[in-house]
Amino acid sequence: MSRISEEQVKHVANLARLAISEEETEKLTKQLDAIITFAEQLNELDTENVEPTYHVLDMKNVLREDVPQQGLPREEVLKNAPEHQDGQIKVPNIMGKED
């Protein structure tokens with residue numbers, strides 16, 4: 001007995017805006033049924049004494065101390081800018097007319 005019908009596959013394909021043929025519908029129905037059958041095997045596992053986890057690996061974010069540091073000198077930054085004016089990088093105007 002299939003755990004998913006062809007009508008359900010067509011419905012999901014429609015929701016995903018996918019156009020699938022009858023042949024693809026049959027193939028996807030069989031593949032999705034196999035996936036569901038495999039996933040249902042997890043219900044057979046005894047998880048009584050298994051502690052819930054949010055990640056399969058014991059990982060932590062390694063963050064560095066947020067310490068202020070001296071930035072690049074203004075002259076060094078401006079020499080790489082395509083255009084600059086009055087000690088600042090000049091960019092195209094996007095909000096209105098130019099001054």
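For the structure, check the block above.
Report on the accompanying structure. (Residues numbered from 1 in each chain as written. Predicted model: local features only at pLDDT ≥ 70, side-chain atom pairs only at ≥ 80, totals over all residues. Heavy atoms only, no water.)

What about the overall build of the protein?
What counts here: Comment: elements are numbered from the N terminus, with helices defined as DSSP H or I runs of at least four residues and strands as E runs of at least two. A radius of gyration in this sense is built from C-alpha atoms; the matching globule rule multiplies 2.2 Å by the number of residues raised to 0.38. The cut-offs for exposure are 20% and 50% of the maximum accessible area for each residue type, with area from a 1.4 Å probe on protein chains only; residues under the lower value are buried, those over the upper are exposed, and the others partly exposed. When checking whether two residues touch, look at their non-hydrogen atoms; a contact exists if any pair is within 4.5 Å. Here the positive residues are Lys and Arg and the negative ones are Asp and Glu; neither His nor the chain ends is included. Where a charge sits is defined by one atom per residue type, namely NZ (Lys), CZ (Arg), CG (Asp) or CD (Glu).
Tallying secondary structure elements over the protein gives 3 helices and 2 strands in all. The secondary structure elements of the protein, listed N-terminal to C-terminal, are α-α-α-β-β. Against the compact-globule benchmark of 13 Å for 99 residues, the protein has a radius of gyration of 29 Å, which places it well outside the compact range. Evaluated residue by residue, the protein yields a buried proportion of 8% over its 99 residues. Partitioning the contacts of the protein with sequence separation of at least 6, the portion at a separation of at least 24 is 34%. Across the protein, the 11 positively charged side chains and the 21 negatively charged ones have centroids separated by 8 Å.

Topic: the pattern of salt bridges
Rules: For this document, the term salt bridge refers to a Lys or Arg side-chain nitrogen within 4 Å of an Asp or Glu carboxyl oxygen.
For the structure shown, the criterion picks out 3 salt bridges. Across the pair R3 and E40 runs a salt bridge whose closest N-O atoms are separated by 2.5 Å. Of the two residues, R3 is situated in the segment before α1 (6–15) and E40 in helix α2 (residues 22–40); the sequence distance between them amounts to 37 residues. Across the pair E22 and K10 runs a salt bridge, and its minimum N-O distance is 3.0 Å. Taken together, the positions of E22 in helix α2 and K10 in helix α1 put the pair 12 residues apart, joining distant regions of the chain. E22 sits in the partly exposed class, given a relative accessible area of 46%.

Description of α2
Note the following rule: Multiplying 1.5 Å by the residue count of a helix minus one yields the expected span of that helix. Throughout, the arc means the angular range of directions from the helix axis out to the C-beta atoms.
The terminal C-alpha atoms of α2, which comprises 19 residues, lie 27 Å apart, in line with the 27 Å expected from a rise of 1.5 Å per residue. Those residues of α2 that sit buried are T25, T29 and D33. Within α2, the buried residues cover an arc of 70 degrees as seen down the axis, which keeps them to one side. Seen from the buried face of α2, the exposed residues on the opposite side, beyond 90 degrees, are E23, K27, K30, I35 and F38. Buried positions along α2 lie against α1.

Here we look at the environment of D66
Looking at where D66 falls in the secondary structure, it is placed in the loop between α2 and α3 (74–78). For D66 and A16, which are 50 residues apart along the polypeptide, the C-alpha to C-alpha distance reads 44 Å.

Brief notes about the side chain of T25
Put simply, the rule is: In protein, a polar contact means a hydrogen-donor-capable atom and an acceptor-capable atom, both N or O and within 3.5 Å, with residues adjacent in sequence counting only if both atoms are side-chain atoms; elsewhere, any N or O pair within 3.5 Å suffices.
Among the secondary structure elements, T25 is positioned in helix α2. We classify T25 as buried; its relative accessible area is 0%. A polar side-chain atom of T25 sits 2.8 Å from the main-chain carbonyl oxygen of S21.

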